[in-house]
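Structure at a glance
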Amino acid sequence: MVNSLLFHPTFSSQPSSSTLEQTTHFSFNLKHKSLFFFLIPPRINPTSSSLSNNTKISCLRSSIMETNPQLTPLVLESAEDKYSNEFDVAVKAVQMACSLCQRVQQGLISKTNSIVQSKDDNSLVTIADWSVQATISWILSESFGSTNVSIVAEEDVEALSKPEATDLLDSVVQTVNQCLAEAPQFGIKGPLTPLNKEEVLDAIRQCNSIGGSSGRFWVLDPVDGTLGFVRGDQYAVALALVEDGEVVLGVLGCPNYPLRKEWLSYHQRYYRIISKLTPPNSESWDKGFVLCAKKGSGKAWMEPLLPQSKLVCLKSPRPIYVSHIEDPAMATFCEPVERANSSHSFTAGLAHSVGVRKEPLRVYSMVKYAAVARGDAEIFMKFARSGYKEKIWDHAAGTIIIQEAGGVVTDAGGQPLDFSNGIYLEGLDRGIIACAGVHLHERIIRAVDASWDSSCL
Ligand SMILES: Nc1ncnc2c1ncn2[C@@H]1O[C@H](COP(=O)(O)OS(=O)(=O)O)[C@@H](OP(=O)(O)O)[C@H]1O
Ligand SMILES: [Mg+2]
Ligand SMILES: [Mg+2]
Ligand SMILES: [Mg+2]
């Protein structure tokens with residue numbers, strides 16, 4: 001904010017009051033190397049000692065805006081504050097979405113009904129996927145104005161708009177309105193009256209951006225790991241903001257992420273030894289949080305699910321860091337549960353060749369990114385079958401969160417993932433490798449090169 005521009009101790013030069021009184025423009029060089037030029041009208045001296053800091057700030061802000069109406073408020077913010085409003089809204093929207101998903105998943109587990117549908121590509125879609133997309137789209141449009149909001153997201157309205165899908169649409173509308181009715185508990189203003197069918201469909205349709213290399217767009221995977229979601233297992237709600245091709249914000253809701261990381265692979269073990277393991281009572285086991293990070297902040301955060309977190313030990317946001325483990329023998333690598341989504345045999349060979357000895361942690365969804373960012377695993381690898389094109393919404397939020405928590409995310413050629421080329425990660429070299437540190441990362445990249453030609457990928 002202007003506050004940090006004027007009084008931040010890291011200014012390389014403080015403006016003097018005489019400069020401010022007489023000058024028509026001046027500049028600051030911030031630690032983030034942003035250079036700001038403002039026109040200041042001569043009649044106000046915002047640095048006068050008789051004024052409080054807040055008054056100085058608002059004087060200066062209104063003077064600047066008066067003299068430079070072309071400036072948007074964002075120009076007045078320092079690099080660190082630049083996305084604070086977007087960050088705040090995005091975290092609240094994901095919090096609400098997590099609450100929505102928990103309710104739908106609970107309903108799914110207790111009864112089987114039309115909540116789950118198959119898409120044309122045989123992948124799954126549920127009431128939660130559409131409802132989260134509609135809810136987050138509505139919140140972003142309300143918060144920033146629908147003409148300013150551009151969203152790339154996974155779901156569309158095709159199946160929902162069919163005449164035979166009336167019940168499905170009714171369920172989505174009901175789920176969206178139930179969620180939005182709780183908006184004030186999350187610090188968000190809800191609609192004055194419940195949304196009707198057309199408004200819900202419009203909110204889903206609004207997510208029709210195709211991304212690109214310039215300007216801003218949001219990237220949303222309303223339910224990532226839908227298979228995990230319908231199996232009562234791990235899933236994530238993933239929202240990111242991309243500006244000029246770079247991910248600048250990431251928010252990842254992980255409603256089932258357990259506080260005890262051993263439970264991460266619970267279902268895998270549950271299916272393997274189905275009668276020997278007592279499943280945790282979903283009401284009682286401690287789980288669920290939202291991770292978030294802003295580009296360049298060097299910090300990633302974890303906050304409990306709201307409004308009433310059961311996690312007594314996690315009442316407020318706290319920073320998260322990647323693991324310090326560099327020894328492959330001590331490292332855990334995670335990968336998709338389904339062989340169809342990533343070659344388990346190839347990653348097993350890679351893991352073995354670099355000296356990873358632990359069993360892979362197979363978890364649904366971007367929770368794998370969360371596991372690396374939180375230090376619960378050191379490596380994430382995904383090698384999809386040849387011809388499959390990774391979508392940006394499956395990776396945007398997770399990538400920035402790992403990076404800001406101190407980790408590395410690249411393709412198998414060591415290049416950063418490219419979010420600037422439409423809905424796909426175009427040009428992705430072979431697969432995705434995320435690591436807690438550069439040493440592990442280099443070893444895996446070398447191992448991929450050594451074994452790629454003999455792989456069947
Ligand atoms: N064939 C194929 N290969 C690779 N990836 C695919 C494939 N098909 C789908 N997807 C995308 O994978 C997303 C789920 O990834 P996961 O890591 O959760 O996979 S797994 O369910 O644990 O196996 C999944 O995300 P959601 O649809 O949001 O669940 C898909 O976008
Ligand atoms: Mg899907
Ligand atoms: Mg996904
Ligand atoms: Mg999805």
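Quick look at the structure, then. Here the structure is a predicted model, which means the values were calculated and not measured.

By the criterion of burial, strand E8 (residues 246–258) is predominantly enclosed, with 12 of the 13 residues buried. Direction of pairing for strand E7 (residues 236–243) relative to E8: antiparallel, over a ladder of seven bridges. Bridge assignment links Val-237 to a residue of E8, and that residue is Gly-253. Following E7, the chain reverses through two residues before pairing antiparallel with E8; Asp-244 in that reversal takes a positive phi of roughly 45°. Relative to strand E9 (residues 287–294), E8 is paired through seven bridges, and the arrangement is antiparallel. Paired with Gly-250 across the strands is Ala-293, a residue of E9.

Here Ser-342 lies in the loop between strand E12 (333–335) and helix H10 (344–354). Residue Ser-342 is classed as buried on the basis of its relative accessible area of 1%. In contact with Ser-342, not counting residues within four places along its chain, are Pro-336, Met-381, Lys-382, Phe-383 and Ala-384.

As a further point, take the sheet that holds strand E14 (residues 379–382). The five strands lie next to each other as E13-E12-E14-E16-E15, forming an open sheet whose pairing is mixed. Of all the strands in the sheet, the pair left with one neighbour each is strand E13 (361–362) and strand E15 (408–411). Each of E14, E15 and strand E16 (432–435) is contacted by helix H13 (residues 438–451), which is oriented at about 155° to E16, the strand it contacts most.

Among the 20 residues in the neighbourhood of ligand 1, the closest are listed as Val-337, Glu-338, Ser-365, Lys-368 and Asp-394. Asp-224 places a polar side-chain atom, nitrogen or oxygen, 3.2 Å from an oxygen atom of ligand 1. Here an oxygen atom of ligand 1 sits 2.6 Å away from a polar atom, N or O, in the side chain of Lys-368. Surface burial for ligand 1 is 87%, taken as the share of its 640 Å² of free accessible area covered by protein chains. Taken atom by atom, the bulk of ligand 1 overlaps the largest pocket.

Before going further, it helps to examine the environment of Lys-295. Its location among the elements puts Lys-295 in the loop between E9 and strand E10 (300–304). Ignoring anything within four residues of it in the chain, the contact list for Lys-295 reads Glu-246, Val-247, Val-248, Ile-400 and Glu-404.

Each protein donor to the magnesium ion (ligand 3) is listed here as Asp-221 (OD), Asp-224 (OD) and Asp-394 (OD); together their distances run 1.9 to 2.1 Å. Sequence spacing of the donors to the magnesium ion (ligand 3): D-x2-D-x169-D. In this structure, the magnesium ion (ligand 3) is positioned 5.3 Å from the magnesium ion (ligand 2). Taken together, the residues span a long stretch of sequence, with Asp-224 in strand E6 (residues 216–224) and Asp-394 in the loop between E14 and helix H12 (396–404) at a distance of 170 residues.

What counts and what doesn't
Residues numbered from 1 in each chain as written. Chains lettered and ligands numbered in written order. Predicted model: local features only at pLDDT ≥ 70, side-chain atom pairs only at ≥ 80, totals over all residues. Heavy atoms only, no water. Buried < 20%, exposed > 50% of the residue type's maximum accessible area, 1.4 Å probe, protein only. Helix = DSSP H or I, 4+ residues; strand = E, 2+ residues; numbered from the N terminus. Pairing = 2+ DSSP bridges. Contact = heavy atoms within 4.5 Å. Axes fitted to C-alpha atoms, helices over the stretch in contact; angles between N-to-C directions. Near = heavy atom within 4 Å. Polar contact = N/O pair within 3.5 Å; in protein donor to acceptor, adjacent residues only side chain to side chain. Areas by Shrake-Rupley, 256 points an atom, 1.4 Å probe, with all protein chains shown as cover. 1 Å grid on protein atoms, 1.4 Å probe; cavity = no way out; pocket = protein on both sides within 12 Å on 5 of 7 lines; lining within 4 Å. Sits in = over half its atoms within 2 Å of the grid points. Donors = N, O, S within 2.8 Å, 3.2 Å for Na, K, Ca; no water.

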